[in-house]
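Below are the chains, spelled out letter by letter.
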Amino acid sequence: NWAFGLLLILAVAFIIWAAFLYLTSGGNEEKTGTAKKYIIAAVIAIIIAALARVVVFVVRQLIQV
């Protein structure tokens, strides 16, 4: 649980940082591309963390049956 919480905090921090980079890019395509990559990486991290929790839940349910 603590690892999941830590991952979510880090992902939100990356999204905030990417938003800052995007807003301060001034139209620079390199900076906007970097910001987009950070956002995509953060969203993927959130999805993987959520899937990990689902897998743990499913395995626990299967073991109890």
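Shown above is the structure to which this text applies.
Computed from a predicted model, the values in this text were never measured in an experiment. (Residues numbered from 1 in each chain as written. Predicted model: local features only at pLDDT ≥ 70, side-chain atom pairs only at ≥ 80, totals over all residues. Heavy atoms only, no water.)

Tell me about helix H1 (residues 2–23), and please be specific about residues and values.
For H1, built from 22 residues, the straight-helix expectation of 32 Å at 1.5 Å per residue is met to within 8% by its first-to-last C-alpha distance of 32 Å. Check the buried side of H1 and you find it contacts helix H2 (29–64). (Helix = DSSP H or I, 4+ residues; strand = E, 2+ residues; numbered from the N terminus. Expected span 1.5 Å × (residues − 1). Contact = heavy atoms within 4.5 Å.)

So what about the environment of Tyr22? Which residues, and what values?
Within the secondary structure, Tyr22 is located in helix H1. Classification of Tyr22 by relative accessible area gives partly exposed; the value is 43%. Along the sequence, Tyr22 and Thr34 sit 12 residues apart, while their C-alpha atoms lie 8.3 Å from each other. Residues contacting Tyr22, with those up to four places away along its chain left out, are Thr32, Ala35 and Lys36. (Buried < 20%, exposed > 50% of the residue type's maximum accessible area, 1.4 Å probe, protein only.)

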